[in-house]
Amino acid sequence: MAEELSFPTGLGTSTPETISLLGKDLAADLMGKVGFGELAFWLVAGRRPSSSEVRLFEAVLVALADHGFTPTAIAARLTYLSAPDSLQGALAAGLLGGGSRFLGVTEDCGRFLADTLVAAGTERDYDVIALAAVKKAREQKKFIPGLGHPVHKEQDPRTPVLIAIAEEEGLRGPHLRLFEAIGRVHPQVLGKTLPLNGAGVCGAALADLGLPTDLLRGFALLARAAGLLGQLAEERRRPIANDIYLTVDRNAVYEPRED
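Conventions adopted
Residues numbered from 1 in each chain as written. Predicted model: local features only at pLDDT ≥ 70, side-chain atom pairs only at ≥ 80, totals over all residues. Heavy atoms only, no water. Core = buried A, V, L, I, M, F, W, Y, C linked by side-chain atoms within 4.5 Å. Buried < 20%, exposed > 50% of the residue type's maximum accessible area, 1.4 Å probe, protein only. Helix = DSSP H or I, 4+ residues; strand = E, 2+ residues; numbered from the N terminus. Contact = heavy atoms within 4.5 Å. Polar contact = N/O pair within 3.5 Å; in protein donor to acceptor, adjacent residues only side chain to side chain. Phe/Tyr/Trp six-rings, centres within 6.5 Å; stacked < 30°, edge-to-face > 60°. Salt bridge = Lys/Arg side-chain N within 4 Å of Asp/Glu carboxyl O. Pairing = 2+ DSSP bridges. pLDDT = per-residue confidence, 0-100. Disulfide = S-S within 2.5 Å. Axes fitted to C-alpha atoms, helices over the stretch in contact; angles between N-to-C directions. Parallel < 35°, antiparallel > 145°, perpendicular 65-115°, else oblique. Left-handed = near helix turned anticlockwise from the far one by under 90°.

J.: Tell me what's going on with the nonpolar core, and back it up with residues and numbers.
T.: Considering soluble globular proteins, one finds that nonpolar side chains tend to be buried as a cluster. Of all hydrophobic cores here, the largest spans 48 residues; its most connected members are F57 and I182. Elements supplying a minimum of two residues to this core: helix 2 (36–45), helix 3 (51–64), helix 6 (105–120), helix 7 (126–139), helix 8 (158–168), helix 9 (174–190), helix 10 (198–208) and helix 11 (216–237). Residues contacting I182, with those up to four places away along its chain left out, are F112, L113, A130, V134, I144 and L147. Listed in part, the six residues of the second largest apolar core include L21, L30, V34 and W42.

J.: An account of the side chain of N197 is requested, with residue identities and associated values reported.
T.: Relative to the elements of secondary structure, N197 occurs in the loop between helix 9 and helix 10. With relative accessibility at 7%, the residue N197 sits in the buried group. Reaching out from N197, the side chain makes a polar contact with the backbone oxygen of G148 at a distance of 2.8 Å. Among all residues touching N197, those that are not within four sequence positions of it are V105, G146, L147, G148, H149, D156, T159 and F179.

J.: Explain the packing of aromatic side chains residue by residue, including any values.
T.: Enumeration over the complete set of coordinates arrives at two aromatic pairs. Between the aromatic rings of F41 and F57, the centroid separation amounts to 5.4 Å while the plane-to-plane angle is 90 degrees, which identifies the pairing as edge-to-face. One end of the pair, F41, is in helix 2; the other, F57, is in helix 3, and 16 residues separate them in sequence. For F41, a relative accessible area of 0% translates into the label buried. Their ring planes at 90 degrees and their centres at 5.4 Å tell us that F57 and F219 sit as a pair that is edge-to-face. On the criterion of sequence distance, the pair formed by F57 in helix 3 and F219 in helix 11 is long-range, its members being 162 residues apart. Take F219: its relative accessible area is 4%, and that puts it in the buried class. Three or more aromatic residues joined by ring pairs form one cluster here, namely F41, F57 and F219.

J.: Run through the pattern of salt bridges, naming residues and quoting values.
T.: Summed over the entire model, instances satisfying the criterion amount to 14 salt bridges. For the salt bridge of E180 with R172, the shortest nitrogen-to-oxygen distance reads 2.8 Å. A relative accessible area of 24% means that R172 is categorised as partly exposed. The shortest N-O distance in the salt bridge between E234 and R238 comes to 3.1 Å. With a relative accessible area of 22%, E234 lands in the partly exposed category. On the basis of relative accessible area, R238 is assigned to the exposed category, the value being 55%. Taken together, the salt bridges that share partners define one network made up of R77, E234, E235 and R238.

J.: An account of the sheet that holds strand 2 (residues 19–21) is requested, with residue identities and associated values reported.
T.: Here three strands make up an open sheet; going across it, the order is 1-2-3 and the pairing antiparallel. Every other strand in the sheet has two partners, leaving strand 1 (12–14) and strand 3 (24–25) as the edge strands with one partner each. Looking at chain direction, strand 1 and strand 2 are connected through three bridges and run antiparallel. By the bridge assignment for strand 2, G12 is matched with L21.

J.: Any details on the confidence of the model for the chain? Residues and values, ideally.
T.: Across the chain, the average pLDDT comes to 94, with 99% of residues at 70 or higher. For the chain, per-element mean pLDDT is lowest for strand 1, which scores 94, and highest for helix 3, which scores 98.

J.: Hey, could you go over the state of the cysteines for me, with residue numbers and the actual values?
T.: Two cysteines, two sulfur atoms, one covalent bond between them: this is a disulfide. Considering all chains together, one arrives at zero disulfides under this definition. Summary of cysteine pairing: C109 is not part of a disulfide, and the nearest cysteine sulfur, belonging to C202, is at 9.7 Å.

J.: Break down the packing of helix 5 (residues 87–96) against helix 11 for me, with residues and values.
T.: Think of two packed helices as two axes; the pair is described by the angle between the axes and how far apart they sit. Axis separation between helix 5 and helix 11 bottoms out at 10 Å; the angle between their running directions is 130 degrees. Here helix 11 runs oblique to helix 5, going by the angle between their axes. Considering the relative orientation of helix 5 and helix 11, their crossing is right-handed. Of the residues in helix 11, those touching helix 5 at L87, A90, L91, G94 and L95 are L221, A225, L228, L229 and L232.

Here it is in structure tokens:
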């Protein structure tokens, strides 16, 4: 009965002598010939990306790799302090913090833009689509994913670079164009000007690359894994986690509950 079982996959298989990945011989056809970013794209999309797509995709990964002492980095460092024998636990702790406020914006923005374009139908005046979307969000008291940043109040330095790369490579598609339009029209509705943040632009760029919107957070986590490993390497060389812990612990103040 076991010989009759079959579990089809378009990814990887192996025999005692060979390893196959994406229908290629891993050792002979891929190692030393395919970059990691290209491979990651290929694994998810099921097609080999062009050199232009690789450039934009890897720019997105670089943009999302690290952003200083964010909660994800602090969580990783503190977990490593608590369990230095569990590097995987420290990495996982940092990755588990990737949600709607940090990293998850990449997927939230890509999905928002994709849904907005579908709802717009044949309309292709991006300013018109954007204005309607911002008004609707305002009426529903919802935030526009990717609009605003806790640190970069005027401009996220990643945003113009990613847009320029997309333009240079002929990949500035409808999602990026709609997001740019949101940047232009939202002051009319909100009464203030907010920057388009880098994580949101990354989501728009990934959506324009044709990657599934419900997997975009995965690419943000893939990028941040490299950043977290760097954070942990620095923690080994120049530890600060214990200072963070002691600062909070020694300044804890008891206040009786009021409920």
